[in-house]
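Descriptive structure summary
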Amino acid sequence: MNEPGVQSLLDQATVMDRIESGDFPDWARDHFETFHASMVDERDGEPFPCYFGIESERNGDALYTFVESTTHPDALFALRENLVEYLDVFRDFSERCSLVTFFKPPEEALTEREYHEQLWNILQFLHVHDPEPWPEDIPTDPDSEYWEFSFAGESMFPTCRAPFYEERMSRYCPLGLEITFQPRALFEGITADTEAGQQARQVIQQRIESYDGVCPHADIGDWGVDGDREWHQYMLSADESQAPDECPIHISREHPKVEIPERWRKRGVSA
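Treat the numbers as computed from the prediction; the structure is a model and nothing was measured. (Residues numbered from 1 in each chain as written. Predicted model: local features only at pLDDT ≥ 70, side-chain atom pairs only at ≥ 80, totals over all residues. Heavy atoms only, no water.)

Summing up its helical and strand segments, the chain has 8 helices and 8 strands in all. For the chain, buried positions account for 48% of its 271 residues. Just so you have it, the chain exposes about 13100 Å², and 43% of that area is on carbon and sulfur atoms. (Helix = DSSP H or I, 4+ residues; strand = E, 2+ residues; numbered from the N terminus. Buried < 20%, exposed > 50% of the residue type's maximum accessible area, 1.4 Å probe, protein only. Areas by Shrake-Rupley, 256 points an atom, 1.4 Å probe, with all protein chains shown as cover.)

Below, the structure written as structure tokens:
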């Protein structure tokens, strides 16, 4: 952790130190500062809806990584390795340790459809190069209330922000794609079947309406609840015609699925 460069796993203090010293490229600096401000500042007098996210950012509980491409294999292998490392350390780092992942902004504006494609191509890459088998207790069919994206043996909730959310500011990032990975373990004690979880959801939904100025998205639901589907929530639609009708990922229990390229094996990466 905290190795040189932006494509490594970094804590908040290290990110801020490197920004202060000018060691970060402009895009990485702008991504982090925009994210940090959206968490800790108010918008028209309203705080960010997820108070867990606010607390995590104020306390330095999260970890971060920056990815130089949404498509280049080297950048995605670096993300893979940082996600593996994150899953090894998140329980000991803090109680609310999510992984915030910032992707280098595109040179030209993208459509909503193209951002959906970016997300699912990234998740498919991670699945194909997963170092562990798909968890036995998680279905492979995304059209199940118990399906959830999993990697390295951990089921998790990746949630996105992107530039096309002009009317849903809680999901808005002006620069490019941003994915926050949250393992299921972080939700222990606040799931939908607990009183604390129900209260948290009620408060967050009320705050979403105040912050966004629109009702909470119809696809927002809970894992394991009949009729709810996780995959819709990873990147909520702004225009339904540009969002996928079916989950665009193929999940297999076959493991390993592919061989790791030799140049990455030399760096110690294994299937």
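The next thing to look at is the pattern of salt bridges. For the structure shown, the criterion picks out 8 salt bridges. Note that Asp30 is salt-bridged to Arg29, the shortest N-O span being 3.0 Å. Judged by its relative accessible area of 29%, Arg29 is partly exposed. Through salt bridges with shared partners, one network takes in Asp26, Arg29 and Asp30. (Salt bridge = Lys/Arg side-chain N within 4 Å of Asp/Glu carboxyl O.)

Turning to the packing of aromatic side chains, a few remarks are in order. This structure, assessed with the given rule, holds 17 aromatic pairs. Aromatic side chains Trp27 and Phe66 sit 6.2 Å apart centroid to centroid with 70 degrees between the ring planes, which places their arrangement in the edge-to-face category. With Trp27 in helix H2 (residues 26-40) and Phe66 in strand S4 (residues 63-67), this residue pair connects regions lying 39 residues apart in the sequence. Like Phe66, Trp27 is buried. Both rings, one in Tyr86 and one in Phe90, keep their centres 5.4 Å apart while their planes meet at 25 degrees; by these two values the pair is stacked. Of this pair, Tyr86 and Phe90 are both found in helix H4 (residues 73-93), 4 residues apart, which corresponds to roughly one turn of the helix. Through pairs of rings, three or more aromatic residues link up here, namely Phe24, Trp27, Phe32, Phe35, Tyr64, Phe66 and Phe102. The lysine or arginine in question, Arg43, covers the ring of Tyr211, its NZ or CZ lying 5.8 Å from the ring centre. (Phe/Tyr/Trp six-rings, centres within 6.5 Å; stacked < 30°, edge-to-face > 60°. Lys NZ or Arg CZ within 6 Å of the ring centre and 35° of its normal.)

This part takes up the sheet that holds S4. Across the sheet, 6 strands lie side by side as S1-S4-S5-S8-S7-S6; this open sheet has mixed pairing. What marks the edges here is a single partner per strand, and that holds for strand S1 (10-11) and strand S6 (150-151). For S6 and strand S7 (residues 154-161), the ladder comprises 2 bridges, and the chain directions are antiparallel. Within the sheet, the bridge partner assigned to Phe151 lies in S7 and is Glu154. Packed onto the sheet, H2 meets S4, strand S5 (99-103), S7 and strand S8 (178-183) and runs at close to 135 degrees relative to S5. (Pairing = 2+ DSSP bridges. Contact = heavy atoms within 4.5 Å. Axes fitted to C-alpha atoms, helices over the stretch in contact; angles between N-to-C directions.)

We now examine helix H1 (residues 12-20). Within H1, burial applies to Gln12, Thr14, Val15, Arg18 and Ile19. Here the buried residues of H1 occupy an arc of 165 degrees about the axis, which is enough to place them on one side. Relative to its buried face, H1 has exposed residues pointing more than 90 degrees away, namely Asp17 and Glu20. The secondary structure elements touched by the buried residues of H1 are S1, H2, helix H3 (51-59) and S4. At the exit of H1 stands Gly22, carrying a positive phi of roughly 80 degrees. (Arc of directions from axis to C-beta.)

Its place among the elements puts Glu148 in the loop between helix H5 (112-128) and S6. A distance of 3.4 Å separates the side chain of Glu148 from the side chain of Ser155, its partner in a polar contact. Within the structure, the side chain of Glu148 is placed 2.4 Å from the side chain of Arg184, a separation counted as a polar contact. (Polar contact = N/O pair within 3.5 Å; in protein donor to acceptor, adjacent residues only side chain to side chain.)

Purely geometric stuff here, so don't read any function into it on its own.
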